[in-house]
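# Topology and contacts: notes
Listed below are the residues making up each chain.
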Amino acid sequence: MFRKYKPLLSVKETEHAIVSIKDFFQLSLSTELNLTRVTAPLFVPAGMGINDDLNGVEKPVSFNVSAMGGQKMEIVQSLAKWKRIKVSELGLKPGFGIYTDMNAIRPDETLDEIHSLYVDQWDWEMAVDEKDRTIFFLFDIVKKIYRSLKRTEFFIYDRYSMLEPVLPEEIKLIYSDDLYREYPDLTPKERENAAAKKYGAIFIAGIGGKLPDGSIHDGRAPDYDDWISDAGDGHVGLNGDLIVWDAVLGRALELSSMGIRVVPESLRRQLEERGCPEREKLSFHSRLLNGEFVPTLGGGIGQSRLCMFLLRKAHIGETQVSAWPDEIRKECERSGIPLL
């Protein structure tokens, strides 16, 4: 792992810095995107299509509620669909939205230096005009989020001078199909590494839609991001990932995933492509198909990952408390990585 790693901050300094980053970044983000803070659920009713299915294979943690006749609940895996319901219920105008702390458990996660059982994100969602369902509008939002990242990077550097800024002035927009054409012999993750190292900060658009060879860059659930619609410039996909180059890890680090949400037509097409058209009968999906939800755009920004990147940490366990296998704990101890 990291044989010669030495943290730049002590554990106590790290804890203080985490609070500073989270307080500063969420204020900057909410100001940039006109977001109002709301409370959010830790669990949602099972069988209604509200929980995030991620790549479609992960199983959420569930439990039965005795006081509700044994009704089954699921710990959220993200709030992608719940947020759209909330924005619609609040009657927010285009250009305004919500954000919240999302805490999730993903028991099927493969654990390593950037993946944990525990997921903490700022989940956000905004109402948009139908005319703004374009890749150009999405990238404008990406640039606003990136400004908040750079602003937070300077904020923390101003308090800890050893944490020198590394983010480039601008973030580069790259389409997943163009990335495939540039690096046809590399895997998707290897392509991300190559592009992130080259530009420092990138937004890869079109995650989930088919590439020229019929594969996909990465998995996406079929019922929130619109990854099948024409982006308006010859490319497919109205979603993407914000990725930076992490010099400590020596690899690309995804900080955020976001996208313009499905409309009835794209929902039907994506459910069909993923082989699950029966989901149309679920509560969330049927309400969407009936036109009950306003057009929205939204995403999630990893809190622990952002802190990990800004504080130049080698492991996500340095910025959050989780459970780790003995072999990971022993390897971190040998490498000088203090897990919280």
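Quick caveat, the model's predicted, so the values are computed rather than measured. (Residues numbered from 1 in each chain as written. Predicted model: local features only at pLDDT ≥ 70, side-chain atom pairs only at ≥ 80, totals over all residues. Heavy atoms only, no water.)

## Comments concerning the sheet that holds strand E5 (residues 97–105)
In spatial order, the strands read E1-E5-E6-E11-E10-E9-E8-E7; together these 8 strands make up an open sheet with mixed pairing. In the strand order of this sheet, the two ends are held by strand E1 (35–37) and strand E7 (172–175), each with one partner. Between one strand axis and the next, the sheet turns by 30° as a mean value, whatever way the strands run. Running over the sheet, helix H2 (residues 80–90) touches E5, strand E6 (118–127) and strand E11 (296–302) and is turned about 35° from E6. (Pairing = 2+ DSSP bridges. Helix = DSSP H or I, 4+ residues; strand = E, 2+ residues; numbered from the N terminus. Axes fitted to C-alpha atoms, helices over the stretch in contact; angles between N-to-C directions. Contact = heavy atoms within 4.5 Å.)

## So, the UniProt feature "domain: Aminoacyl-transfer RNA synthetases class-II family profile" (unreviewed entry) in the protein chain
UniProt records the feature "domain: Aminoacyl-transfer RNA synthetases class-II family profile" (unreviewed entry) for residues 96–325 in the present numbering. Measuring from the first to the last C-alpha atom of residues 96–325 gives 42 Å, for a span that is 30% helix and 23% strand. (UniProt positions renumbered as here; feature names shortened; annotations may be inferred.)

## Some remarks on the nonpolar core
In this structure, Trp124, Ile145, Phe203, Leu242 and Leu297 are the most contacted members of the largest nonpolar core, which totals 57 residues. Here this core gets 10 residues from one element, more than from any other, and that element is helix H3 (residues 135–159). (Core = buried A, V, L, I, M, F, W, Y, C linked by side-chain atoms within 4.5 Å. Buried < 20%, exposed > 50% of the residue type's maximum accessible area, 1.4 Å probe, protein only.)

## With respect to the layout of surface pockets
Approximately 1100 Å³ is the volume found for the largest pocket. Looking at the largest pocket, it is lined by 48 residues, and the ones nearest its centre are Arg106, Glu109, His115, Glu254 and Arg305. Elements supplying a minimum of two residues to the lining of the largest pocket: H2, E6, helix H5 (188–199), strand E10 (251–260), E11 and helix H8 (303–310). Broken down by element, the residue count for the lining of the largest pocket peaks at 8 residues, all from E10. (1 Å grid on protein atoms, 1.4 Å probe; cavity = no way out; pocket = protein on both sides within 12 Å on 5 of 7 lines; lining within 4 Å. Points joined across faces, edges and corners; volume = space filled by probe spheres on them.)

## Focus: empty space enclosed by the protein
Throughout the structure, instances matching the rule amount to 1 cavity of 30 Å³ or more. Taken together, the residues of the lining of the largest cavity break down into 3 nonpolar, 1 polar and 2 charged. (Nonpolar A, V, L, I, M, F, W, Y, C, P; charged D, E, K, R; others polar.)

## Side note on the packing of helix H1 (residues 11–33) against H3
One way to put it is that H1 packs onto H3 with a least axis distance of 9 Å and a crossing angle of 150°. Comparing their axes, H3 and H1 come out roughly antiparallel. Between H1 and H3 lies a crossing of right-handed hand. Residues Ala17, Ser20, Ile21, Phe24, Phe25, Ser28, Leu29, Glu32 and Leu33 of H1 touch H3, and the partners they reach there are Ile141, Lys144, Ile145, Arg147, Ser148, Leu149, Arg151, Thr152, Phe155 and Ile156. Grouping the constituent residues of the contact of H1 with H3 by class yields 11 nonpolar, 4 polar and 4 charged. (Parallel < 35°, antiparallel > 145°, perpendicular 65-115°, else oblique. Left-handed = near helix turned anticlockwise from the far one by under 90°.)

## Overview of the sheet that holds strand E3 (residues 62–65)
Spatial ordering of the open sheet is given by E2-E4-E3, a layout of 3 strands whose pairing is antiparallel. Each having just a single partner strand, strand E2 (43–45) and E3 make up the two edges of the open sheet. Adjacent strand axes in the sheet meet at a mean angle of 35° when their direction is disregarded. Sheet topology places E2 next to strand E4 (residues 71–75); 3 bridges connect them, and they run antiparallel.

## What to know about helix H9 (residues 326–335)
Of all the residues in H9, the buried ones are Ile328, Glu331, Cys332 and Ser335. One side of H9 holds all its buried residues, which, seen down the axis, span an arc of 100°. The exposed set on the far side of H9, more than 90 degrees from its buried face, consists of Asp326, Glu333 and Arg334. (Arc of directions from axis to C-beta.)

## Digging into the packing of aromatic side chains
Each aromatic ring pair is summarised here by two numbers: the centre-to-centre distance and the angle between the ring planes. If you walk through the whole model with that rule in mind, you get 6 aromatic pairs. The interplanar angle of 85° and the centroid separation of 5.3 Å between the aromatic rings of Phe43 and Phe63 together place this pair among those described as edge-to-face. Of this pair, Phe43 sits in strand E2 while Phe63 is found in strand E3, placing the two residues 20 residues apart along the sequence. Phe43 sits in the partly exposed class, given a relative accessible area of 39%. Summarising the aromatic geometry, the rings of Phe284 and Phe293 are spaced 5.2 Å apart at their centres and angled 25° between planes, so their arrangement reads as stacked. Over the ring of Phe284 we find Lys81; its NZ or CZ atom is 5.8 Å from the centre of that ring. (Phe/Tyr/Trp six-rings, centres within 6.5 Å; stacked < 30°, edge-to-face > 60°. Lys NZ or Arg CZ within 6 Å of the ring centre and 35° of its normal.)

## Describing the pattern of salt bridges
Under the criterion given, the structure shown has 28 salt bridges. Here Asp132 ties to Lys131 by a salt bridge, and the two come within 3.5 Å at their closest N and O atoms. Residue class for Asp132 comes out buried when judged on its relative accessible area of 18%. In this structure Lys131 comes out as exposed when scored by relative accessible area, which is 63%. Overlapping salt bridges bring together Lys83, Asp123, Glu125, Arg220, Asp225, Asp241 and Arg261 as one network. (Salt bridge = Lys/Arg side-chain N within 4 Å of Asp/Glu carboxyl O.)

## Some words on the environment of Arg159
Following the sequence through the fold, Arg159 ends up in helix H3. Along the backbone, Arg159 and Asp178 are 19 residues apart, and their C-alpha atoms lie at a distance of 40 Å. A polar side-chain atom of Arg159 sits 3.0 Å from the main-chain carbonyl oxygen of Phe155. (Polar contact = N/O pair within 3.5 Å; in protein donor to acceptor, adjacent residues only side chain to side chain.)

## A look at the side chain of Arg312
Within the fold, Arg312 resides in the loop between H8 and H9. Engagement of the side chain of Arg312 in a polar contact is seen with the side chain of Glu153, the distance being 3.3 Å. At a separation of 2.6 Å, a polar atom in the side chain of Arg312 contacts the main-chain carbonyl oxygen of Phe309. Those residues within four positions of Arg312 in sequence are excluded, and the remaining contacts are Tyr5, Leu8, Glu153, Leu163, Glu164, Pro165, Val166 and Val248.

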